[in-house]
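Architecture at a glance
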Amino acid sequence: MTLNSKIPEGPLSEKWTKHKFDLKLVNPANKRKYTVIVVGTGLAGASAASSLAEMGYNVKAFSYHESPRRAHSIAAQGGINAAKNYPNDGDSIFRLFYDTIKGGDYRSREANVYRLAEVSNNIIDQCVAQGVPFAREYGGLLDNRSFGGAQVSRTFYARGQTGQQLLLGAYSSLVRQMNTGKVKFHPRHDMLDIVKVDGHAKGIITRNLINGKVEAHAADAVILATGGYGNVFFLSTNAMACNATAAWRAHKKGAFFANPSFTQIHPTCIPVSSDHQSKLTLMSESLRNDGRIWVPKKAGDDRKAKDIPEDERDYYLERLYPSFGNLVPRDVASRRAKEMCDKGFGVGATKLAVYLDFEDVIERNGKQWVVEKYGNLFDMYKQITGEDPYTVPMRIYPAVHYTMGGVWVDYNLETTVDGLFVLGEANFSDHGANRLGASALMQGLADGYYVIPYTIGNYLASQAGGSVSVDDPAFKDALDETNNFINKLMSVKGDRTIDDIHKELGKIMWENVGMARNEAGLKKAIDLIPKLKDEFWSNVRIPGKANAMNTELEKAARLADFLELGELMARDALHREESCGGHFREEHQTEENEALRNDNDFTFVSAWAYQDGAQEPVLHKEDLIFENVKLTSRSYK
Amino acid sequence: MKVTLKIWRQKDGNAQGSFGTYQMDDVSGDMSFFEMLDLLNESLVMKNEEPVAFDHDCREGICGTCGVVINGRAHGPLRGVTTCQLHMRSYKDGDTIVIEPWRATAFPLIKDLIVDRRAFDNIMSAGGYVSINAGGAQDANATPIPKANADEAMDAASCIGCGACVASCKNSSAMLFLSAKVSQLALLPQGKVERKERALNMIAAMDEENFGGCTNTGACEVECPKEISLVHIARLNREYLRASLA
Ligand code: SF4
Ligand code: FES
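Keep in mind that this is a model prediction, so the values were computed, not measured. (Residues numbered from 1 in each chain as written. Chains lettered and ligands numbered in written order. Predicted model: local features only at pLDDT ≥ 70, side-chain atom pairs only at ≥ 80, totals over all residues. Heavy atoms only, no water.)

A separate point is the confidence of the model for chain B. Considering every residue of chain B, the mean pLDDT works out to 97; 100% of them sit at 70 or more. This complex was scored by the predictor with a pTM of 0.97 and an ipTM of 0.98. (pLDDT = per-residue confidence, 0-100.)

Take the domain arrangement of chain A next. Residue and element names in this part refer to chain A. As assigned here, chain A comprises domain 1 (283-398) and domain 2 (473-598). For domain 1 and domain 2, the distance between their C-alpha centres works out to 32 Å. In total, about 720 Å² of surface goes out of reach between domain 1 and domain 2, with carbon and sulfur atoms giving 58% of it. Of all residues in domain 1, Arg335, Arg336 and Lys338 give up the largest surface area on contact with domain 2, accounting jointly for 59% of the area buried on that side. Of the charged contacts, one joins Arg336 and Glu594 as a salt bridge, the two residues approaching to 3.4 Å between their closest N and O atoms. (Domains from an automatic or database assignment. Buried area = accessible area lost by both parts, 1.4 Å probe. Salt bridge = Lys/Arg side-chain N within 4 Å of Asp/Glu carboxyl O.)

Take the interface of chain A and chain B next. Taken residue by residue, the interface counts 74 residues in chain A and 74 residues in chain B. Taken together, both faces of the contact between chain A and chain B bury some 6200 Å²; the carbon and sulfur share is 52%. The interface formed by chain A and chain B contains five salt bridges. Applying the counting criterion to the chain A and chain B interface returns 44 residue pairs in polar contact (both at pLDDT 80 or more). (Contact = heavy atoms within 4.5 Å. Polar contact = N/O pair within 3.5 Å; in protein donor to acceptor, adjacent residues only side chain to side chain.)

Residues and elements named next belong to chain A. Taken in spatial order, the five strands of this open sheet run 5-2-1-9-17, and their pairing is parallel. The outermost strands of the open sheet, each flanked by one partner alone, are strand 5 (183-186) and strand 17 (420-422). With direction set aside, neighbouring strand axes in the sheet form an average angle of 20°. Pairing analysis gives four bridges linking strand 2 (residues 58-62) to strand 5, with the strands arranged parallel. Looking at the pairing, Ala61 lines up with Phe185 of strand 5. Of the strands in this sheet, strand 1 (35-39), strand 9 (221-224) and strand 17 are in contact with helix 11 (residues 440-460), which crosses strand 9 at around 150°. (Pairing = 2+ DSSP bridges. Helix = DSSP H or I, 4+ residues; strand = E, 2+ residues; numbered from the N terminus. Axes fitted to C-alpha atoms, helices over the stretch in contact; angles between N-to-C directions.)

The next subject is unusual backbone geometry. All names here are of chain A. Phi at Asn88 is positive, roughly 60°, even though this residue is not glycine. Following the sequence through the fold, Asn88 ends up in the loop between strand 3 (80-81) and helix 3 (93-103). Taking relative accessible area as the criterion, Asn88 reaches 64% and is therefore assigned exposed. For Asp198, which is not a glycine, the phi torsion comes out positive at approximately 50°. Take Asp198: it is sitting in the loop between strand 6 (189-197) and strand 7 (200-208). Asp198 gets classed as exposed once you look at its relative accessible area, which sits at 75%. (Buried < 20%, exposed > 50% of the residue type's maximum accessible area, 1.4 Å probe, protein only.)

Attention now goes to the packing of helix 2 (residues 118-125) of chain B against helix 7 (residues 195-208) of chain B. Residues and elements named next belong to chain B. With their axes 8 Å apart at the nearest point, helix 2 and helix 7 run at an angle of 155° to one another. With respect to their mutual orientation, helix 2 and helix 7 come out roughly antiparallel. At the point where helix 2 passes helix 7, the crossing takes the right-handed sense. Of the residues in helix 7, those touching helix 2 at Asn122, Ile123 and Met124 are Met202, Ala205 and Met206. Considered class by class, the residues forming the contact of helix 2 with helix 7 number five nonpolar, one polar and no charged. (Parallel < 35°, antiparallel > 145°, perpendicular 65-115°, else oblique. Left-handed = near helix turned anticlockwise from the far one by under 90°. Nonpolar A, V, L, I, M, F, W, Y, C, P; charged D, E, K, R; others polar.)

This next bit is on the pairing of strand 9 of chain A. All names here are of chain A. Side chains of strand 9 alternate between two faces, with Ala221 and Ile223 and Val222 and Leu224 buried alike. As judged from the four bridges shared by strand 1 and strand 9, these two strands associate in the parallel manner. Bridge pairing in strand 9 places Val39 opposite Leu224. Both strand 9 and strand 17 contribute to a ladder of three bridges, which runs parallel. Bridging across to strand 17, Leu224 finds its partner in Val422.

Throughout the structure, instances matching the rule amount to 13 cavities of 30 Å³ or more. The space that makes up the largest cavity amounts to roughly 880 Å³. Looking at the lining of the largest cavity, the elements with two or more residues in it are helix 2 (43-55), strand 6, helix 6 (245-252), strand 15 (394-403) and helix 11 of chain A. Broken down by class, the residue content of the lining of the largest cavity amounts to 19 nonpolar, 25 polar and six charged. One number sums up the size of the second largest cavity: a volume of about 670 Å³. Taken together, 37 residues line the second largest cavity, and the ones lying closest to its centre are A:Met240, A:Ala241, A:Lys555, A:Arg558 and B:His56. Among the elements of the structure, helix 13 (498-512) and helix 15 (551-575) of chain A together with helix 1 (33-46) of chain B are those that each provide at least two residues to the lining of the second largest cavity. For the lining of the second largest cavity, the element with the most residues is helix 15 of chain A, which contributes seven residues. Along the lines of polarity and charge, the residues of the lining of the second largest cavity split into 15 nonpolar, 10 polar and 12 charged. (1 Å grid on protein atoms, 1.4 Å probe; cavity = no way out; pocket = protein on both sides within 12 Å on 5 of 7 lines; lining within 4 Å. Points joined across faces, edges and corners; volume = space filled by probe spheres on them.)

Written out as structure tokens, the structure reads:
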């Protein structure tokens with residue numbers, strides 16, 4: 001199969017406009033004959049579901065949560081980028097495009113990223129119209145800040161809760177459509193498979209989490225907006241239930257999986273305190289604007305931070321990167337922290353942490369200034385660690401935060417399965433090998449509000465609305481398959497808990513497919529993960545019954561998929577013989593230990609095809625063509 | 001430290017429930033409350049017993065999924081803190097901790113500590129929005145909004161929809177939750193057009209969903225993890241009055 005990205009012809013800035021004109025339309029009177037399934041109701045899913053309903057399509061929306069408002073988009077703190085140029089500091093659609101391509105280390109598609117920058121402004125308009133209370137200046141206009149090292153102020157924010165406010169905005173549009181009956185919402189439903197009829201995605205299989213019922217749902221097209229797969233590492237900043245199941249089942253039914261090894265490790269998270277740790281908490285990146293990162297100069301120094309004199313501290317980011325200092329990009333800051341700890345300079349009881357110190361800024365601007373700017377973050381830190389960051393430096397360590405890889409989609413956000421579309425973090429399309437701060441919210445909403453409403457029409461126009469029902473034999477087969485899967489899980493009756501096995505997987509992933517990767521480690525992971533998968537299928541223990549609420553069974557089904565995805569991540573990382581963005585291969589670095597890209601051999605998207613049985617996945621390449629930017633190497637010295 | 005847990009166990013909505021007692025011998029102060037329950041659940045699974053079902057997701061105090069009554073208080077002893085952010089250092093060796101689900105007619109029990117809060121979505125669905133379709137918005141800066149109003153709207157919008165206000169109210173009223181949304185939109189020009197229908201329809205939906213009326217006891221404000229203020233209920237009352245008179 002050859003990959004066709006369907007990027008429109010023509011100059012970059014006209015592609016999307018021209019494409020919208022070329023796409024087929026569904027007549028307004030006919031839209032009500034079509035039903036679309038939307039799985040996941042976070043930013044991407046809720047915005048897609050409500051927009052499609054507003055246009056007149058019938059929507060069946062599904063979430064494993066009790067309410068669309070619980071989706072993990074809600075936890076995003078920092079903000080959302082847009083090229084409004086309100087501060088008059090030289091921003092433009094092209095600059096936002098350029099920064100995003102560069103930030104992604106030249107591993108994303110020009111056309112997609114340009115479109116993202118282009119619709120970014122509409123998103124802000126839409127959200128303000130919904131009543132999203134963005135931060136404002138005294139004159140009543142919207143406030144912007146610079147974020148994640150960007151050289152312009154283009155980030156809109158709502159305190160430290162931007163994701164929450166944008167999600168609640170999308171949720172308000174969604175509940176409005178639930179009220180009209182155009183959207184039928186199915187809460188506490190886990191999607192366990194997609195159903196294909198004559199090669200086209202025409203439905204899904206779900207398990208009702210309250211009573212365990214396995215059910216089939218038919219539609220004219222299927223959209224997945226099911227988020228990222230960071231929880232493959234067990235510990236991440238993702239919410240507990242975030243999982244890869246929808247994406248992975250789609251993959252097993254023919255959707256290619258792109259760049260699975262591209263994961264983002266966020267440098268400023270609260271470190272792990274013990275084996276009981278269930279998840280990690282992010283401290284907003286904005287803290288690096290005013291905090292200074294350091295470790296003791298002497299390895300294994302056990303003194304308290306305040307007892308270590310100034311000249312015995314190593315402010316290593318300031319030392320290594322005199323011009324960017326503490327504001328180097330996420331991947332660089334993360335790697336340097338790990339390196340310091342690996343060399344024995346780590347601090348705290350576990351020695352897996354570095355200091356983020358606010359002493360200087362408190363001295364300079366006063367405590368009150370810090371309270372106003374970071375009060376909620378300092379409180380959260382204290383709540384979790386029991387330490388007061390106003391008097392003791394914070395301890396931070398990198399943690400898995402976001403996954404740039406995901407289901408391969410073309411310019412229309414359609415996968416290699418006809419009629420199956422993937423939006424938001426679940427697809428791979430816009431962030432390349434590294435996502436910039438405040439760009440995830442932008443992409444989720446761009447896909448949902450402004451891209452899919454156009455592109456799905458092109459597909460639906462070729463289909464007779466309502467032509468497939470759950471009576472089709474394909475649904476029965478899929479139901480049987482899912483029931484067998486569940487029965488197989490329940491009948492293992494082994495000796496290990498799900499979390500126990502998941503933690504082991506997380507450890508393998510973190511050590512070998514984490515921040516720094518090398519051939520030996522990746523091969524080890526490829527050897528260990530299938531063994532752990534066997535262990536899971538022969539020794540997992542799931543109490544209770546399948547035909548009732550069973551939280552362990554939910555987790556087990558997710559872990560079964562993580563165990564397969566983890567192996568693919570390792571294979572992808574092994575194949576990519578270069579370092580780019582969040583993917584760092586130790587074999588490929590400069591003398592100064594910076595990432596070394598290999599543009600000659602690796603300027604492509606890796607799209608993996610699933611093979612049945614024990615066969616290895618097959619790699620397809622989509623070449624990335626750069627016509628508007630020149631590939632340079634990032635330098636933050 | 002050692003603690004004794006008394007946890008409400010109930011197979012499903014129709015079953016008879018009762019407290020189960022569990023002894024925890026090895027709890028550290030750095031564990032979160034839920035990590036302590038994780039530990040309990042791991043041990044129950046190893047004993048072939050069913051783990052305690054409880055709702056949780058972000059474990060960062062923002063998604064609103066979690067919430068139990070701990071020793072009689074919604075979200076436990078600390079002000080402005082959700083259950084998921086509570087850590088065991090708030091307890092001491094030998095403590096007995098009683099854990100119960102939200103109890104309200106409008107929140108039917110699903111299992112153990114999990115209740116069904118879909119009624120909240122139904123209230124929102126009755127009017128908690130501005131009727132704007134994607135694509136139809138004017139420039140975001142076309143209408144300036146005084147900073148004070150935007151800030152107060154943001155205070156109201158911080159509600160996470162957890163339901164602690166309902167659980168702590170002797171009437172099981174959803175007024176604080178509902179008022180947060182009405183107040184947010186009343187403070188913004190975008191919300192003004194539909195203010196009348198919004199107030200009337202959302203209140204009607206609240207009654208329909210079997211929440212009780214508000215008698216201004218203020219327990220909700222005390223237990224709300226996002227410290228949503230009673231000021232918003234006052235604004236809701238004004239909005240309602242205005243809508244009823246017009
Ligand atoms: S008002 Fe407070 S207690 Fe009530 S749902 Fe909102 S956040 Fe929870
Ligand atoms: S689990 Fe999200 S608020 Fe507690």
